[in-house]
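What follows is the residue order along each chain.
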Amino acid sequence: MADVLRVGVIGAGAIARGAHLVNYQKCGERVEVAAVADTVKETAEECAKRFSIPRVFTRYEEMLEKVELDAVSVCTPNKFHAPVTMAALAAGCHVLCEKPPAMTAEEAERMAQAAEKAGKILTYGFHYRHAPEVEALKRFVDAGELGEIYAARVHALRRRGIPGWGVFTNKELQGGGPLIDIGVHMLDTALYLMGYPEPEVVLGSTYQKLGNRKGVGVMGDWDWKNFSVEDMARGMIRFKNGASLILESAFAANLDPLEEMNVTLMGDEGGADLFPLKIYQEKHDTLVNITPAHLPEKGSYELEIERFVDSCLTGIPPLSTPDQGVVLQRLIHAFYQSAETGEAVKLDR
Ligand SMILES: NC(=O)c1ccc[n+]([C@@H]2O[C@H](COP(=O)([O-])OP(=O)(O)OC[C@H]3O[C@@H](n4cnc5c(N)ncnc54)[C@H](O)[C@@H]3O)[C@@H](O)[C@H]2O)c1
């Protein structure tokens, strides 16, 4: 296997710069970022200048054709995750694709099949899996400290956090609002900690109450006139093993905290909250809470990139797998379908 990973980045916006490129740089000589592509020429050029990337393209197809690459970061809006990922896999590259995996379950399935066919790594940008709280809690869960986890709560809530950049309010390009954008992070984290149980039924509701009118923008001014996604999603998933999960996700809601990202797990031996990490148990006739006195400080984005590079260079399997991407995408689809029809949606496999 090669000692140096030649990487290309497709989509040169906020996440490419703030999470992928800064952390590829931290990998030192193990990574060479050889090319960047963005449909907006100035964006691609400016990014290339800032990160000293030698080759710049406006068409990712041309980049994949002309530059010999080992791996690609896919950092485009959601609509392009599937076609770009499949083109990169077909060009012989390992792929780290930003979350959510795709727009539909069918796309996520095709991406998984393409990775299998190409014999390349495909993983997704679920960086919370690398957060120290998640890593610590996973060890407690794996050691049986929570027992059977039969109930979970997932919160990805913002009071007025509608993104004022990008295309996050455009259903055509993103597939939805807070559920597919930030809810998916906490949903993936909960499922990961629960061992990715097989879902059985989804009942969801979505709302558009605040995003389509002018208001205070904590994350910048958003395009409220063309706001075409939900601003809140709430619902429940029941799994085949009997466990259930309640999810709430919002870009905007009249709540106290400006932002709340959290997973709560309840098992028959213990429970836990993730952010901040707290474990609840009953021991020696006493209700006790366990909190870490210390957690590692390395950021979750840094670890995500470092581990993707490790996977590509050494073959260690990544944490987030294409099959899990398919499960997530099926859940999101079922959630939106349930919200639209008003019926619970049964997942038949
Ligand atoms: N993991 C995380 O925490 C996290 C955080 C933010 C965004 N994201 C994800 O990253 C992706 C991008 O979000 P962002 O905030 O960087 O958005 P952004 O708008 O800042 O950047 C997206 C860039 O992609 C470019 N682009 C659009 N279509 C393209 C195409 N076909 N080929 C090449 N470039 C193209 C745009 O010109 C833009 O520069 C989204 O899928 C989003 O869900 C993940």
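Given the structure is predicted, the values throughout are model-derived calculations rather than measurements.

Trainee: Outline the UniProt feature "domain: Gfo/Idh/MocA-like oxidoreductase C-terminal" (unreviewed entry) in the chain, supporting the account with residue identities and numerical values.
Mentor: The UniProt feature table records "domain: Gfo/Idh/MocA-like oxidoreductase C-terminal" (unreviewed entry) at residues 138-347. Taken end to end, residues 138-347 has its terminal C-alpha atoms 27 Å apart, with 29% of it in helix and 28% in strand.

Trainee: Give me the site of the ligand: which residues, what numbers.
Mentor: Every one of the 27 residues lining the ligand counts as a neighbour, but Asp38, Asn78, His81, Lys99 and Tyr301 are closest to it. Tryptophan 165 places a side-chain nitrogen or oxygen 3.1 Å from an oxygen atom of the ligand. At a separation of 2.6 Å, an oxygen atom of the ligand approaches a polar side-chain atom of tyrosine 301. Contact with the protein chains removes 86% of the 840 Å² of surface that the ligand exposes when unbound. If you map the ligand onto the pockets, it falls in the largest pocket. Looking at the shell around the ligand, the elements with two or more residues in it are helix 1 (14-26) and helix 8 (178-194). Taken together, the residues that form the shell around the ligand break down as 12 nonpolar, 11 polar and 4 charged.

Trainee: Just give me the short version of the layout of surface pockets, but keep the residues and values in it.
Mentor: Of the voids in this model, the largest pocket is the one considered here, and its volume is about 930 Å³. Lining the largest pocket are 41 residues, with Ile15, Cys75, Thr76, Trp165 and Phe168 sitting closest to its centre. Elements represented by at least two residues in the lining of the largest pocket include exactly helix 1, helix 3 (60-66), helix 4 (81-90), helix 8 and strand 11 (259-267). A domain-level breakdown of the lining of the largest pocket finds at least three residues from each of domain 1 (5-124) and domain 2 (129-297 + 329-346).

Trainee: Kindly report on the nonpolar core, identifying the contributing residues and their values.
Mentor: Inside soluble globular proteins, nonpolar side chains tend to come together where they are buried. Counting 82 residues, the largest nonpolar core has Leu137, Leu245 and Leu265 as the members making the most contacts within it. Considering each element in turn, this core owes the most residues, 11 residues, to helix 8. Counting contributing residues, this core receives three or more from each of domain 1 (5-124) and domain 2 (129-297 + 329-346). By size, the runner-up hydrophobic cluster in this structure holds 24 residues, among which are Ala48, Ile53, Cys75 and Leu96.

Trainee: Summarise the sheet that holds strand 14 (residues 286-290); cite the residues concerned and give the values.
Mentor: Read across the sheet, 9 strands follow the order 14-13-12-11-7-10-9-8-15 without closing on themselves; strand pairing throughout is mixed. At either margin of the open sheet sits one strand with a lone partner, and together these are strand 14 and strand 15 (345-346). Here strand 13 (residues 278-283) pairs with strand 14 via 5 bridges, running antiparallel. Pairing of tyrosine 280 across the sheet is with asparagine 289, part of strand 14. The strands touched by helix 8 within the sheet are strand 7 (149-158), strand 9 (232-239), strand 10 (244-250) and strand 11, with strand 10 carrying the most contacts at an inclination of about 150°.

Trainee: Which residues make up the packing of aromatic side chains, and what values go with them?
Mentor: Going through the model one piece at a time under the given rule, you end up with 2 aromatic pairs. Ring centres of tryptophan 165 and phenylalanine 168 lie 5.5 Å apart, and the angle between their planes is 70°; on these two criteria the pair is classed as edge-to-face. Taking the relative accessible area as the measure of exposure, phenylalanine 168 reaches 19% and is therefore buried.

Trainee: Go over the side chain of serine 320 with me, naming the residues and quoting the values.
Mentor: Tracing the chain through its elements places serine 320 in the loop between helix 9 (300-314) and helix 10 (322-341). By relative accessible area, serine 320 is classed as buried at 5%. Those residues in contact with serine 320 that sit more than four places away from it in its chain are Leu122, Thr123, Tyr124, Phe126 and Arg129.

Trainee: A description of the pairing of strand 4 (residues 71-74) should follow, citing residues and the corresponding values.
Mentor: Of the two faces of strand 4, the one lined by Ala71 and Ser73 and the one lined by Val72 and Val74 are each fully buried. Pairing of strand 1 (residues 5-10) with strand 4, which is carried by 4 bridges, proceeds in the parallel orientation. Note that in strand 4 the partner of valine 7 across the bridge is alanine 71. The sheet contact formed by strand 4 and strand 5 (residues 94-97) spans 4 bridges and is parallel. Of the residues in strand 5, the one forming a bridge with alanine 71 is histidine 94. Traced from strand 4 through helix 4 to strand 5, the parallel crossover comes out right-handed.

Trainee: Help me get a handle on unusual backbone geometry, residues and values and all.
Mentor: Geometrically, the link from lysine 99 to proline 100 is a cis peptide bond, its omega value of -10° lying close to zero. Structurally, proline 100 can be placed in the loop between strand 5 and helix 5 (105-118). The phi angle at serine 52 is positive, at roughly 50°, despite the residue not being glycine. If you trace the backbone, serine 52 turns up in the loop between helix 2 (41-50) and strand 3 (55-57). Relative accessible area serves as the criterion here: at 61%, serine 52 is assigned to the exposed category. Despite not being glycine, tyrosine 196 shows a phi value in the positive range, around 45°. For tyrosine 196, a relative accessible area of 15% gives the class buried.

What counts as what
Residues numbered from 1 in each chain as written. Predicted model: local features only at pLDDT ≥ 70, side-chain atom pairs only at ≥ 80, totals over all residues. Heavy atoms only, no water. UniProt positions renumbered as here; feature names shortened; annotations may be inferred. Helix = DSSP H or I, 4+ residues; strand = E, 2+ residues; numbered from the N terminus. Near = heavy atom within 4 Å. Polar contact = N/O pair within 3.5 Å; in protein donor to acceptor, adjacent residues only side chain to side chain. Areas by Shrake-Rupley, 256 points an atom, 1.4 Å probe, with all protein chains shown as cover. 1 Å grid on protein atoms, 1.4 Å probe; cavity = no way out; pocket = protein on both sides within 12 Å on 5 of 7 lines; lining within 4 Å. Sits in = over half its atoms within 2 Å of the grid points. Nonpolar A, V, L, I, M, F, W, Y, C, P; charged D, E, K, R; others polar. Points joined across faces, edges and corners; volume = space filled by probe spheres on them. Domains from an automatic or database assignment. Core = buried A, V, L, I, M, F, W, Y, C linked by side-chain atoms within 4.5 Å. Buried < 20%, exposed > 50% of the residue type's maximum accessible area, 1.4 Å probe, protein only. Pairing = 2+ DSSP bridges. Contact = heavy atoms within 4.5 Å. Axes fitted to C-alpha atoms, helices over the stretch in contact; angles between N-to-C directions. Phe/Tyr/Trp six-rings, centres within 6.5 Å; stacked < 30°, edge-to-face > 60°. Right-handed = clockwise from strand over helix to strand, strands pointing away.

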